[in-house]
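Analysis of the macromolecular model
Okay, here's what each chain looks like letter by letter:
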Amino acid sequence: MSVLKVLGPTEDRLYSGSGVIIAPGEVLTNCHVVRNSKKLYVMKGALRFNVSGIKINIYRDLCLLEAPTLTLPGATLIKPSEIKVGDMAYFYGYPGGADAFFTEGRISGLHPMENSYVVKTTAGFSSGGSGGGLFDGKGRLIGITTFFSAGHSGGYYALPSDWIEDLRSQTSSKIVPINGLTFWEMPLNNQPTFLRFDRLVSDGNWDDAIKLSTYWINTEPDSFDALLAHGRALLHHDRKEEAIKVLRYARKLSPNDANILFSLKQALTGSKKTRELSEINRKLNEVDPEEVSAGKCNMAC
């Protein structure tokens, strides 16, 4: 397995997290794991490798560590655009700081961001699991496990593996403490809209959620994620006909997204549109037989 432990000593403590080998001599991890240290090294079992340089994107919370003596093979990557809601997902990392840990779950959401997708999963991990790997059923790296929803409400997020290409093109720098905030650490109003919407929903603040989703579809009218959020908010306010219209358009943009299909099913239930509802149910059974979109798969099912 291509996952290893990342260690960053400071004068008063030892920071630890996880990392994923993506090529010999290259380890991908979260910047918040290594941000406080002037010296870094990675460990695989009893083997320790010094890190000589680093490439940084603090906003995206991805850092590429250069360890020239690390000759182990890297993980095979898969783009998040090649997966779908309901697919199996597996976390592997070092959340306890000592031993490797494994959990399994499902892909529960895909959120467009900067030419890729931030991946939401039910494969749980704790803070030491930051920098670990989220893998598909063939062992391919989907993304780097990074943060989770407040209160451990079942939302765990991984950053897309294909962001590595932008990071690789940067100039390497010396290892020094890193300044700045990641996108998910910023004040709520400065975070990506999908995180702001999810926070409002988790807080039960549907009045502000529909205001935000209205703004979102006005600024990003062709975003399936924005349309899905607005459809959900309309449904909560019992505005079913409006929700159906919005969710139909979301489906045109992302035909096989199980979360869109499930919300459309909710909007159509009880209506006279029985033929459309039957087709939606058939499609849901095809793309999401375990009903991840309905919240029935908190872990692996």
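Everything discussed here concerns the structure shown above.
Computed from a predicted structure; not experimentally measured. (Residues numbered from 1 in each chain as written. Predicted model: local features only at pLDDT ≥ 70, side-chain atom pairs only at ≥ 80, totals over all residues. Heavy atoms only, no water.)

**Focus: the state of the cysteines**
- One pass over the structure, following the stated rule, counts 1 disulfide.
- Linked covalently through their sulfurs, C31 and C63 form a disulfide whose S-S length is 2.2 Å. With the S-S dihedral at roughly 105°, the linkage between C31 and C63 falls on the right-handed side. Of this pair, C31 sits in helix α1 (residues 31-34) while C63 sits in strand β7 (residues 62-66), and the two are 32 residues apart along the sequence. Taken as a pair, C31 and C63 share a single burial class, namely buried. (Disulfide = S-S within 2.5 Å. Helix = DSSP H or I, 4+ residues; strand = E, 2+ residues; numbered from the N terminus. Buried < 20%, exposed > 50% of the residue type's maximum accessible area, 1.4 Å probe, protein only.)

**Focus: the pattern of salt bridges**
- Under the defined criterion, the tally for this structure stands at 15 salt bridges.
- We note a salt bridge from D87 to K84, for which the minimum N-O separation is 2.9 Å.
- E286 is the salt-bridge partner of K283, the closest N and O atoms lying 3.2 Å from each other. In this pair, K283 and E286 are both assigned in helix α8 (residues 274-287), 3 residues apart and thus about one turn of the helix distant.
- Taking the relative accessible area as the measure of exposure, K283 reaches 15% and is therefore buried.
- One network of salt bridges, in which partners are shared, links R251, E279, R282, K283 and E286. (Salt bridge = Lys/Arg side-chain N within 4 Å of Asp/Glu carboxyl O.)

**As for the side chain of N30**
- If you trace the backbone, N30 turns up in the loop between β3 (26-29) and α1.
- A polar contact is formed between the side chain of N30 and the backbone oxygen of D61, at a distance of 3.0 Å.
- Here T146 takes part through its side chain, which lies 3.0 Å from a polar atom of the side chain of N30.
- Not counting residues up to four positions away in its chain, the partners in contact with N30 are D61, L62, S130, G131, I144, T145, T146 and L159. (Polar contact = N/O pair within 3.5 Å; in protein donor to acceptor, adjacent residues only side chain to side chain. Contact = heavy atoms within 4.5 Å.)

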